[in-house]
Amino acid sequence: MDFLPRETLVNDLMHSFEPLMKKYNLEDISVFEEEGEGDYYHMGYTVRKDDRVYMIHLPYRKNEDNQLAPVKREWVVESDAGDEPEAHGLENLDEVFEKINSGLEH
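Residues numbered from 1 in each chain as written. Predicted model: local features only at pLDDT ≥ 70, side-chain atom pairs only at ≥ 80, totals over all residues. Heavy atoms only, no water.

Caption draft 1: Spatial organisation of the overall build of the protein chain. A count of helical and extended segments in the protein chain gives 3 helices and 7 strands. The N-to-C order of helical and strand elements in the protein chain reads β-α-α-β-β-β-β-β-β-α. Taking 2.2 N^0.38 as the reference for a compact globule, 106 residues should give roughly 13 Å; the C-alpha atoms of the protein chain span a radius of gyration of 14 Å, in line with that estimate. Here the protein chain holds 106 residues, and 41% of them are scored as buried. Here the contacts in the protein chain between residues at least 6 apart in sequence split such that 36% fall between residues at least 24 apart. The centroid of the 11 positive side-chain charges in the protein chain is displaced by 3 Å from the centroid of its 26 negative side-chain charges. (Helix = DSSP H or I, 4+ residues; strand = E, 2+ residues; numbered from the N terminus. Rg over C-alpha atoms; globule rule 2.2 N^0.38 Å. Buried < 20%, exposed > 50% of the residue type's maximum accessible area, 1.4 Å probe, protein only. Contact = heavy atoms within 4.5 Å. Lys, Arg positive; Asp, Glu negative; His and termini not counted. Charge placed at Lys NZ, Arg CZ, Asp CG, Glu CD.)

Caption draft 2: Layout of the environment of Leu 90. Examined against the element boundaries, Leu 90 turns out to sit in strand β7 (residues 87–90). Given the relative accessible area of 9%, Leu 90 is considered buried. Separated by 17 residues in sequence, Leu 90 and Arg 73 place their C-alpha atoms 8.4 Å apart. Dropping the residues within four chain positions of it, Leu 90 is found in contact with Arg 73, Glu 74, Trp 75, Val 77, Glu 95, Val 96 and Lys 99.

The analysis is restricted to geometry; functional conclusions fall outside its scope.
Written out as structure tokens, the structure is:
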């Protein structure tokens, strides 16, 4: 596993904001970070599209130096609305936004 400083990953995410906003017609975008159980960490994007907010993230492992390494390259999508299920196992952002556009329940 190749561990990277958290700041490097955050900078990479931030550099993709403008292209993602244009490509997927997003209203807003920011970095999503969440501590998981044990040494798990979740990082990705919080986006607003069509007046809905979604957390789009990948799972990481955190080492003793607080550096992160991806566990697997499968995106998870969660909605801040309690009425939509999560989507798991999406391989790329095109799949993520196809899922969001079609509704997470489909």
